[in-house]
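Next come the chains, spelled out residue by residue.
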Number of protein chains: 2
Amino acid sequence: MRYALIIEYQGTQYHGWQKQPGIITVQETLETALSRVAAHEVKTFCAGRTDAGVHATAQVVHFDSDANRQPRHWLYGTNSYLPTDIRVRAGLQVSDNFHARFSALARRYVYIIHQGAFPSALFYQHLYWYPQPLNIEPMQLAASYLIGQHDFSAFRSSECQAYSPIRTMMHSHVWTQNEFVIFEFYANAFLHHMVRYLVGHLIEIGLDHKPPSWLKEVLENKMRQDQACTAPPQGLYLVEVQYDDSAQLTQTLRWPWLIHQ
Amino acid sequence: MRYALIIEYQGTQYHGWQKQPGIITVQETLETALSRVAAHEVKTFCAGRTDAGVHATAQVVHFDSDANRQPRHWLYGTNSYLPTDIRVRAGLQVSDNFHARFSALARRYVYIIHQGAFPSALFYQHLYWYPQPLNIEPMQLAASYLIGQHDFSAFRSSECQAYSPIRTMMHSHVWTQNEFVIFEFYANAFLHHMVRYLVGHLIEIGLDHKPPSWLKEVLENKMRQDQACTAPPQGLYLVEVQYDDSAQLTQTLRWPWLIHQ
């Protein structure tokens, strides 16, 4: 039997999603809990491998098990073995040809910058504190250049393992809400570090160091630029994975301050 | 010279505000940082002593120092010595008769319940997860009975050191926002555990275990009831302290999801 789960986690204490020897990752922690419920070793596959410190409100994973368990056993049982910073939000049985990664039609990421005079004592692990004022309109214009099918090689880390750098961006938005600047990217798939590079470039434009057209040039040149920072992980959230409706796995964003106003 | 500071903190890691031997408190941590900036021992007085695990977005403190420092030195210097879960948001010189506690005209507290199927992996330290559905209208009616001057003895812990149990409640609201139930109380002052007892009683009413009139009866009987829980600290925030305008110390609430819609 194949099962899929929707997972929320705070990435702060983890060295990213992917299992690696000798360090604590979300995948390893989840698989340990699932294996206790299954009473056999469970291997998971996720929709989007998040970096160290990156959060998710709706990561999707699948795994196989012939153990005699209902979806609710995976849900409640696994949560009882997980630490408080990882929660299974939903679980269901899926067809054997469902694959959390390869069946996904699109992913949505949100990045949140906090523009305060000081970093927040309450949410310093949930936001990127950036005190310099950012000009929203040039960033909005630049973000619109990303929409459509492009070669995103300029926004790809050297460790990226994707076969193709071609991605289709369906939505690319920047907006403000109180002290926050919020970026939202919705694409069929993302390259390694792509959102963090995009936000880093948009910050350069928000600072008026570069005009909006610069983003278009960088995109077209297909070369990584050194001028822009890689936005740090604590502001980044994987908030949605879109599947064919039959999978019943697409959930709305959970937190009101992550929703496009 | 007397100075006042506005402080934000996440209470999770602290045994409350007040300094006590052998345990880590917000006051002790703040005074250690201030003393390093002052190069002498600094003693602080706060507007509202918060319990272990309770948060603040705008706690106010005052202290005296004859060290040759500008308000910005207290601000930036102190922050450089503080852990990331305590931040000084503002600092200014005040008159020698200003007292963070006795000059305060009113305090505003917010309590946030998260009504999800599962506790949040991202905000479990910032919210009280309460999965049973709560009926808002009876809670709203009950909350309105608290407005005005009352003897709040029924909502006072046995350790409360206040001389009088009489308090004037200016605002008492309950509302929902997405998955959250938010309580807001604005009064001249609060008794020990008062907000947490009030929320515990309102939950009983939201569950339809008791009618709204029960809160009025409890208030009028001036006796603590055993039926209601003490709402846990992680949902509680001190969000505002009101002073005479001349003190320039009243700040707006910081986080958009803490603002009454």
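Reading guide: rules and limits
- Residues numbered from 1 in each chain as written.
- Chains lettered and ligands numbered in written order.
- Predicted model: local features only at pLDDT ≥ 70, side-chain atom pairs only at ≥ 80, totals over all residues.
- Heavy atoms only, no water.
- Helix = DSSP H or I, 4+ residues; strand = E, 2+ residues; numbered from the N terminus.
- Rg over C-alpha atoms; globule rule 2.2 N^0.38 Å.
- Buried < 20%, exposed > 50% of the residue type's maximum accessible area, 1.4 Å probe, protein only.
- Contact = heavy atoms within 4.5 Å.
- Areas by Shrake-Rupley, 256 points an atom, 1.4 Å probe, with all protein chains shown as cover.
- Lys, Arg positive; Asp, Glu negative; His and termini not counted.
- Charge placed at Lys NZ, Arg CZ, Asp CG, Glu CD.
- Least-squares fit on C-alpha atoms with pLDDT ≥ 70 in both.
- Buried area = accessible area lost by both parts, 1.4 Å probe.
- Nonpolar A, V, L, I, M, F, W, Y, C, P; charged D, E, K, R; others polar.
- Domains from an automatic or database assignment.
- Salt bridge = Lys/Arg side-chain N within 4 Å of Asp/Glu carboxyl O.
- Polar contact = N/O pair within 3.5 Å; in protein donor to acceptor, adjacent residues only side chain to side chain.
- Axes fitted to C-alpha atoms, helices over the stretch in contact; angles between N-to-C directions.
- Parallel < 35°, antiparallel > 145°, perpendicular 65-115°, else oblique.
- Left-handed = near helix turned anticlockwise from the far one by under 90°.
- Pairing = 2+ DSSP bridges.
- Expected span 1.5 Å × (residues − 1).
- Phe/Tyr/Trp six-rings, centres within 6.5 Å; stacked < 30°, edge-to-face > 60°.
- Lys NZ or Arg CZ within 6 Å of the ring centre and 35° of its normal.

Draft legend 1. Local environment of the overall build of chain A. Across its full length, chain A carries five helices and 10 strands. A globule of 261 residues ought to have a C-alpha radius of gyration of about 18 Å, and chain A, at 19 Å, matches this closely. The C-alpha extent of chain A, read off along each of the three principal axes, is 60 × 40 × 35 Å. Looking at chain A residue by residue over its 261 residues, the buried ones come to 61%. Considering only contacts in chain A between residues 6 or more positions apart, those separated by 24 or more positions represent 70%. Within the structure as shown, chain A displays about 11,000 Å² of accessible surface, and the carbon and sulfur contribution to it stands at 49%. Charged side chains in chain A number 20 positive and 22 negative. The centres of these two groups are separated by 5 Å.

Draft legend 2. Representation of the relation of the copies chain B and chain A. Here chain B sits on chain A after a turn of 180° about the axis and a move of 0.0 Å along it, with an RMSD of 0.0 Å. Such a turn and shift between the copies fits a two-fold axis. Comparing interface residues between copies, 100% of those in chain B also sit at the interface in chain A, which points to an isologous, same-surface contact.

Draft legend 3. Examining the interface of chain B and chain A more closely. Every contact between the two is made by 35 residues of chain B and, on the other side, 35 residues of chain A. Where chain B abuts chain A, roughly 3,000 Å² becomes buried across the two surfaces, and 68% of that area is made up of carbon and sulfur atoms. Of all the secondary structure elements, the ones that give two or more residues to the side of chain B that touches chain A are strand S1 (2-9), strand S3 (55-64), helix H2 (71-81) and strand S4 (86-94) of chain B. In terms of residue count, S4(B) provides more of the side of chain B that touches chain A than any other element does, four residues in total. Of the residues belonging to the side of chain B that touches chain A, the class tally is 19 nonpolar, 10 polar and six charged.

Draft legend 4. Representation of the domain arrangement of chain A. All names here are of chain A. The domains assigned to chain A are domain 1 (2-103) and domain 2 (106-238). Relative to domain 2, the C-alpha centre of domain 1 lies at a distance of 27 Å. Counting from both sides, the interface comprises 17 residues of domain 1 and, opposite them, 13 residues of domain 2. When domain 1 packs against domain 2, the two sides together hide about 1,100 Å² of surface, and 46% of this comes from carbon and sulfur. The interface formed by domain 1 and domain 2 includes one salt bridge. The closest approach of N and O atoms between Asp-51 and Arg-196, which form a salt bridge, is 2.9 Å. Between domain 1 and domain 2 we count 12 residue pairs in polar contact (both at pLDDT 80 or more) in total.

Draft legend 5. Broad picture of the pattern of salt bridges. Residue and element names in this part refer to chain A. By the definition in use, this model includes 10 salt bridges over all chains. Glu-240 serves as the salt-bridge partner of Arg-108, at 2.9 Å between the closest nitrogen and oxygen. Taken as a pair, Arg-108 in strand S5 (residues 106-114) and Glu-240 in strand S10 (residues 236-242) lie far apart in primary sequence, 132 residues in all. Here Arg-108 and Glu-240 have matching classes, each one buried. Several salt bridges converge on common partners, so that one network encompasses Arg-108, Glu-184 and Glu-240.

Draft legend 6. Local environment of the packing of helix H3 (residues 136-144) of chain A against helix H4 (residues 194-206) of chain A. Residue and element names in this part refer to chain A. Interaxial distance between H3 and H4 falls to 8 Å at its minimum, and their mutual angle equals 140°. Comparing their axes, H4 and H3 come out oblique. Regarding H3 and H4, the two cross each other, and that crossing is right-handed. Between H3, through Pro-138, Met-139, Ala-142 and Ala-143, and H4, the contact on the second element is made entirely by Leu-202, Ile-203, Ile-205 and Gly-206.

Draft legend 7. Spatial organisation of the pairing of strand S9 (residues 180-187) of chain B. Residues and elements named next belong to chain B. Counting buried positions along S9 gives eight out of eight residues, so the element sits mostly inside the fold. Of the two faces of S9, both are covered, the one formed by Phe-180, Ile-182, Glu-184 and Tyr-186 as well as the one formed by Val-181, Phe-183, Phe-185 and Ala-187. By the bridge criterion, eight bridges tie strand S5 (residues 106-114) to S9 in an arrangement that is antiparallel. Its bridge partner being in S9, Tyr-111 is matched across the sheet by Phe-183. In this sheet, S9 lies alongside strand S8 (residues 166-177) in antiparallel orientation, the contact comprising eight bridges. What sits directly across from His-173, in S9, is Glu-184. In this antiparallel pair of consecutive strands, S8 and S9, the connection spans two residues, and Asn-178 shows a positive phi of 50°.

Draft legend 8. Broad picture of helix H1 (residues 26-38) of chain B. Residue and element names in this part refer to chain B. For H1, spanning 13 residues, the distance from its first C-alpha to its last is 18 Å, which sits close to the expected 18 Å at 1.5 Å a residue. Where burial is concerned, most of H1 is hidden: 10 out of the 13 residues are buried. Listed in full, the buried residues belonging to H1 are Val-26, Gln-27, Thr-29, Leu-30, Glu-31, Ala-33, Leu-34, Ser-35, Val-37 and Ala-38. Contacts from the buried residues of H1 go to S1, S3, H2 and S4. At the N-terminal boundary of H1, the capping side chain belongs to Thr-25, with an oxygen 3.2 Å from the backbone nitrogen of Glu-28.

Draft legend 9. A look at the packing of aromatic side chains. Residue and element names in this part refer to chain A. Following the criterion strictly, the structure yields 23 aromatic pairs over all chains and no others. Judged by centre distance (6.0 Å) and plane angle (35°), the rings of Tyr-9 and Trp-17 are tilted. Considered together, Tyr-9 and Trp-17 belong to a single accessibility category, that of buried residues. Each member of the aromatic cluster is reached from another via a ring pair, and the members are Tyr-111, Tyr-128, Tyr-130 and Phe-183. A cation sits over an aromatic face here: Arg-224 above Tyr-197, 3.5 Å from the ring centre.

Draft legend 10. Geometry of helix H1 (residues 26-38) of chain A. Close packing links the buried residues of H1(A) with strand S1 (2-9), strand S3 (55-64), helix H2 (71-81) and strand S4 (86-94) of chain A. Trailing H1(A) by a residue or two, Ala39(A) shows a phi angle of about 65°, which is positive.

Draft legend 11. Geometry of unusual backbone geometry. Positioned with a positive phi, Asp208(A) is a non-glycine residue whose angle comes to about 65°. Mapped onto the elements of the fold, Asp208(A) is located in the loop between H4 and helix H5 (213-221). One non-glycine residue, Ala39(B), adopts positive backbone phi at about 65°. Here Ala39(B) is to be found in the loop between H1 and strand S2 (45-46).

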